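# Structural overview
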Amino acid sequence: MSTQEASMKRITMIGCGTIGISWAAYFLAHGLQVTAFDPDDAARARFSDYVADDMRALGADVRSPDIKDNLEDAVRQADLIVENAPESVALKQQLLADIQRAAMPHALIVSSTSSLMHSDIVNASPAPERIIIAHPFNPPHLVPLVELYGPDMQLVNELADFYRGIGKKPVIMRKEMIGHIANRLSSALWQEALYLLQEGVASVEDIDLAVTAGPGLRWAIQGPFLTYHLGGGKGGIRHYLEHLGPSQEYRWASLGKPTMNAELYEQVIQGVESATQGKPLTDLFNERDQQLVTLQRAIASKENQEVIA
């Protein structure tokens, strides 16, 4: 364990919205100290209660974050500072610079940005190499993925070791890219789903079912490359590419681009409302969270069996 990794015990959340709440719950559940700040008084006031809800979803004993009423106090003693501000280049540039000037020299700062690139948001910071993209997949307390990118690979690797040590599954990007990895893959699927809806191919409910009852089940345990490796049968990926590669090109040529207009928006809204049958969002969140917990436990159990074997 590196000195940097071992020293990351005091975590600060900057931004007390959905991502900050979820991250705080996860860090607290793993015995770390969490401090938090948000410029919105209302966000700070409800933060502890929402963090407690997420900790219960994890099955963890509830612990409380230390909430500060100014940024300087929040970051002063932090080893790792997690920025969760809205997706605005100008906002993040200023905020990251302010954080770094107020933080200790050894502190690492990570941005939860879902789409923005490192080179665009660190321009005003005095030590940009100590700022790393660490994009979690939502909700961070239940989904293990963290996408990492930074110019200093030693720091990135040490941060990856830290995340692995608390049960996360980090992936390291070798090149920065808008939307990183997972959101680009998700966006590609979403684009085609919208196109199928707009073209009248199927309903919202059936398009979702075509994912969850089909490839989604495989994607929970294998990514696209291993999925197609098995799709090649006994010949594996070599056989697939040689014999079925052209069929992919045939499908790619037919993929569409939806027109994002008011009519499509209304189709999506009506389709989602019909599929959810008036079920409250709180119920949908709870159902998703319970299913994610069950899935994670099943995967963890399988991984533990493999280690023992």
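Residues numbered from 1 in each chain as written. Predicted model: local features only at pLDDT ≥ 70, side-chain atom pairs only at ≥ 80, totals over all residues. Heavy atoms only, no water.

Here the focus is helix α5 (residues 89-102). For α5, with 14 residues, the first-to-last C-alpha span of 20 Å sits near the 20 Å given by 1.5 Å per residue. Listing the buried residues of α5 in full gives Lys-92, Leu-95, Leu-96, Ala-97, Ile-99 and Gln-100. Close packing links the buried residues of α5 with β1 (10-14), α4 (71-75), β4 (80-83), β5 (108-111), α6 (118-121) and β6 (131-136). (Helix = DSSP H or I, 4+ residues; strand = E, 2+ residues; numbered from the N terminus. Expected span 1.5 Å × (residues − 1). Buried < 20%, exposed > 50% of the residue type's maximum accessible area, 1.4 Å probe, protein only. Contact = heavy atoms within 4.5 Å.)

With that settled, consider the environment of Ala-124. Relative to the elements of secondary structure, Ala-124 occurs in the loop between α6 and β6. On the basis of relative accessible area, Ala-124 is assigned to the partly exposed category, the value being 36%. A sequence separation of 34 residues divides Ala-124 from Ala-90, and the C-alpha atoms of the two residues are 9.8 Å apart. The residues contacting Ala-124, other than those within four sequence positions of it, are Gln-93, Ala-97 and Arg-101.

Another point: the sheet that holds β4. Taken together, the eight strands give an open sheet; going across it, the order is β3-β2-β1-β4-β5-β6-β7-β8, and neighbouring strands pair in mixed fashion. Edge positions in the sheet fall to β3 (66-67) and β8 (169-172), since each has one partner strand and no second. With four bridges joining them, strand β7 (residues 145-149) and β8 adopt parallel strand pairing. Counted as the bridge partner of Val-146 is Pro-170 from β8. (Pairing = 2+ DSSP bridges.)

In this section: the nonpolar core. Core analysis: the biggest nonpolar cluster contains 33 residues, and Ile-11, Met-13, Phe-27, Leu-80, Leu-159, Phe-162 and Tyr-163 have the highest contact counts within it. Looking at this core element by element, the count peaks at seven residues for helix α2 (residues 18-29). Among the nonpolar cores identified, the runner-up in size contains 21 residues, and Ala-103, Ala-107, Ile-121 and Tyr-149 belong to it. (Core = buried A, V, L, I, M, F, W, Y, C linked by side-chain atoms within 4.5 Å.)

None of the figures reported here should be taken as evidence of function without further support.
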